[in-house]
Amino acid sequence: RSASSTTATTGTWTRGATSATRCGPSRSIRWKRYGASTRPAIDVDDAQLDAILKSAYGIFAGKPTATALLRFSPERAQWVSKEVWHRNQKGRFLLDGSWEVSVPYSVPHELIMDILKHGPHVEVLEPESLIREVIALLEHAAEMYGRKD
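In this report, we go over the structure that sits alongside the text. (Residues numbered from 1 in each chain as written. Predicted model: local features only at pLDDT ≥ 70, side-chain atom pairs only at ≥ 80, totals over all residues. Heavy atoms only, no water.)

If you look at the biggest cluster of nonpolar residues, it comprises 18 residues, and the most contacted ones within it are Leu-70, Phe-72, Trp-85, Leu-111, Ile-115, Val-124 and Leu-130. Within the residue set of this core, elements represented by two or more residues are strand 4 (66-72), helix 2 (74-80), strand 6 (99-105), helix 3 (109-116), strand 7 (122-126) and helix 4 (128-144). A per-element tally of this core places strand 6 first, with four residues. Leave out the neighbours within four places in its chain, and Leu-130 touches Ala-68, Tyr-105, Pro-108, Leu-111, Ile-112, Ile-115 and Val-124. (Core = buried A, V, L, I, M, F, W, Y, C linked by side-chain atoms within 4.5 Å. Buried < 20%, exposed > 50% of the residue type's maximum accessible area, 1.4 Å probe, protein only. Helix = DSSP H or I, 4+ residues; strand = E, 2+ residues; numbered from the N terminus. Contact = heavy atoms within 4.5 Å.)

Put into C-alpha cells, the structure is as follows:
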C-alpha cells in the first residue's frame, strides 16, 4: 500500500510518497518539489474528479479505453472473487468453479502486474492487445530462466 503526504513551505509544495508493506514500515521515499504557480487554482467538482480519477483500473487516470476479461482457476476463484479490482467490475462463477471478471482500464501496466502475480491461475480472454502483451512478458520471463546446457 502507499501513502502520501503534502506539506506547504513558503512558496513551495513538497509531496512525498512512501511505499509500505504489510510486513513492515516504509521501504522507500521519493520527494518532489513543486514551485509556486502564478496561475489561479481550478475548482473541480467531486463528480468530475471521480469521472476522471476513478473510472479506469489502478493509478492511471482517464476514461477506460478497454475492458479486460479475465478467468481465474477454481483454486484462486474463492479469493479473487472477493477482491474489488474496480468499482465497475462484473464477475461471475462458471460451472467448473472458475471466476470470470471484466475490469475496465485505460493504461494496462498496473493491470498486467496484477495479472502476472497470479501466474498459471489466470487467463486473459480479452482484449487481444492485452493478451499479446501478457504473452510477450511471459515469454521474456521464460527466456530469462532458460537453461544453457
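After presenting the structure, the write-up continues.
Across its 17 residues, helix 4 extends 25 Å between first and last C-alpha, which sits within 8% of the 24 Å expected from 1.5 Å per residue. Considered for burial, the residues of helix 4 that qualify are Leu-130, Ile-131 and Val-134. Each buried residue of helix 4 lies within a common arc of 100° when the element is viewed along its axis, so the set occupies one face. More than 90 degrees from the buried face of helix 4, the exposed residues found are Glu-143 and Met-144. Where helix 4 is buried, its residues touch strand 4, strand 6, helix 3 and strand 7. (Expected span 1.5 Å × (residues − 1). Arc of directions from axis to C-beta.)

Turning our eyes to something else, we now look at the sheet that holds strand 6. Hydrogen bonding along the main chain pairs the strands of a sheet, whether they run parallel or antiparallel. The sheet built from four strands is open, its strands ordered 5-6-4-7 with antiparallel pairing. Each having just a single partner strand, strand 5 (90-93) and strand 7 make up the two edges of the open sheet. On average, each strand axis in the sheet is tilted by 20° relative to the strand beside it, whichever way the strands run. Bridging between strand 4 and strand 6 involves seven bridges; their strand directions are antiparallel. Bridge pairing in strand 6 links Ala-66 to Tyr-105. Packing of helix 4 onto the sheet brings it into contact with strand 4, strand 6 and strand 7, and relative to strand 7 it is tilted by some 145°. (Pairing = 2+ DSSP bridges. Axes fitted to C-alpha atoms, helices over the stretch in contact; angles between N-to-C directions.)

Checked against the element boundaries, Ser-81 lands in the loop between helix 2 and strand 5. Within polar-contact distance, the side chain of Ser-81 engages the backbone oxygen of Gln-78 at 3.4 Å. (Polar contact = N/O pair within 3.5 Å; in protein donor to acceptor, adjacent residues only side chain to side chain.)

By themselves, these are just geometric observations and shouldn't be taken as functional.
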